[in-house]
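Chain by chain, the residues:
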Amino acid sequence: MSFEWPWQYNFPPFFTLQPNADTRQKQLEAWCSLALSYCRHHKLYTLDVMEAQESPMFNNKKIERKLSMETIQIVFEELRKKGNLEWLDKNKLRCLVMWRRPEEWGKLIYQWVSKNGMVNSVFTLYELSNGDDTQEEEFHGLEEWMLLRSLQALQTDGRAEIISMDDGKGVKFF
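Below is a summary of the structure that appears in this document. As the structure is a computational prediction, the values presented were derived from the model and not from experiment.

Procedures and definitions
- Residues numbered from 1 in each chain as written.
- Predicted model: local features only at pLDDT ≥ 70, side-chain atom pairs only at ≥ 80, totals over all residues.
- Heavy atoms only, no water.
- Helix = DSSP H or I, 4+ residues; strand = E, 2+ residues; numbered from the N terminus.
- Buried < 20%, exposed > 50% of the residue type's maximum accessible area, 1.4 Å probe, protein only.
- Contact = heavy atoms within 4.5 Å.
- Pairing = 2+ DSSP bridges.
- Axes fitted to C-alpha atoms, helices over the stretch in contact; angles between N-to-C directions.
- Core = buried A, V, L, I, M, F, W, Y, C linked by side-chain atoms within 4.5 Å.
- Salt bridge = Lys/Arg side-chain N within 4 Å of Asp/Glu carboxyl O.
- Phe/Tyr/Trp six-rings, centres within 6.5 Å; stacked < 30°, edge-to-face > 60°.
- Lys NZ or Arg CZ within 6 Å of the ring centre and 35° of its normal.

Our focus in this paragraph is the overall build of the protein chain. On a plain count of helices and strands, the protein chain comes out with six helices and eight strands. When the helices and strands of the protein chain are listed from N to C terminus, the series reads α-β-α-β-β-α-β-β-α-β-α-α-β-β. By principal-axis analysis of the C-alpha atoms, the protein chain measures approximately 55 × 35 × 30 Å. Expressed as a percentage of its 174 residues, the buried residues of the protein chain come to 41%. Within the protein chain, contacts between residues separated by at least 24 positions form 54% of all contacts whose residues are at least 6 apart in sequence.

Given below as structure tokens:
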């Protein structure tokens, strides 16, 4: 399945930060939505800002337009304010993208556990994110940092406990 670009993506002014405050706000919302949708479609969890500028997400070669580095930083800052992005370094060159927040992932994982009658079961992190039983689930392939945050959210709610095992970490669901 190929990624569906929003209509604005082929509109050259979309790639220039608009001076009018209302228009700029709508433009930033559209860029945030596009970035999260693109990352979700391609299952991207980490981004390098320099690489992002050259990626199709911010560079439309068909109309020969790309978002400036300054504007990409503004879009990323908007995503950070919304809780969808965290910087990995103080220079703001690499970031974690959360197109779904940890609590949302935790809810999906817990629904799967409940639906399959596996409450009171113990899983390794590998089984959850890469096991045969989860292949059809949206959380299959989830990066470990996000899986851990999701499980920590469930632990806070009293629905899971993260445990240490001989070969790493595991989780028990309640």
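The strand order β1-β5-β4 describes an open sheet built from three strands, whose pairing is antiparallel. Each edge of the sheet is formed by a strand with only one pairing partner; in this case those strands are β1 (46-48) and β4 (85-87). Within this sheet the neighbouring strands show an average axis-to-axis angle of 30°, counted without direction. Judged from the three bridges that link them, β4 and strand β5 (residues 94-97) form a sheet pairing that is antiparallel. Residue pairing for β5: Leu85 is matched across the bridge by Val97.

The next thing to look at is the nonpolar core. Membership of the largest hydrophobic core comes to 49 residues, with the highest contact counts inside it found for Phe58, Phe76, Leu128 and Phe173. Per-element accounting of this core gives the leading share, nine residues, to helix α1 (residues 21-41). Excluding residues within four positions of it along the chain, Phe173 makes contact with Ile109, Tyr110, Val113, Val119, Asn120, Ser121, Phe123, Leu128, Leu151, Leu154, Arg159 and Ala160.

A few words on the pairing of strand β8 (residues 168-173). Inspection of the sheet shows strand β6 (residues 122-124) paired to β8 by three bridges, in the antiparallel sense. Each residue of the ladder has a partner; that of Val122, found in β8, is Lys172. Of the strand pairs in this sheet, strand β7 (residues 160-165) and β8 are connected by six bridges, and their pairing is antiparallel. Paired with Ile163 across the bridge in β8 is Gly170.

Where side chains of opposite charge bring their charged atoms close, a pairing between them can arise. Under the counting rule described, the total for this entry stands at nine salt bridges. Here Lys66 ties to Glu54 by a salt bridge, and the two come within 2.6 Å at their closest N and O atoms. With Lys66 in strand β3 (residues 65-66) and Glu54 in helix α2 (residues 49-54), this pair connects stretches of sequence that are twelve residues apart. In this structure Lys66 comes out as partly exposed when scored by relative accessible area, which is 39%. Taken together, the shared-partner salt bridges connect Arg40, Arg100 and Glu138 into one network.

This part takes up the sheet that holds β7. Sheet architecture is open: three strands sit in the order β6-β8-β7, paired in antiparallel fashion. Since the sheet does not close on itself, it has two edges, and those belong to β6 and β7, each with one partner. On average, adjacent strands in this sheet sit at an angle of 30° to one another, irrespective of strand direction. Strand contacts of helix α6 (residues 144-156): β7 and β8, with the helix running at about 125° to β7, the strand carrying the most contacts.

Pairs of aromatic rings are described using the distance from one ring centre to the other and the angle between the two planes. For the structure on display, the rule yields 18 aromatic pairs. Ring plane angle 75° and centroid distance 5.2 Å describe the contact between Trp99 and Trp105, whose orientation is recorded as edge-to-face. This pair shows no difference in class: Trp99 is buried, exactly as Trp105 is. Aromatic rings pair up to connect Phe3, Trp5, Tyr9, Phe14, Phe15, Trp31, Tyr38, Phe58, Phe76 and Trp87 into one cluster. One Lys or Arg, Arg100, reaches over the ring of Trp105 and ends 5.1 Å from the middle of that ring. Taking the ring centre of Tyr110 as reference, the NZ or CZ of Arg159 above it sits at 4.8 Å.

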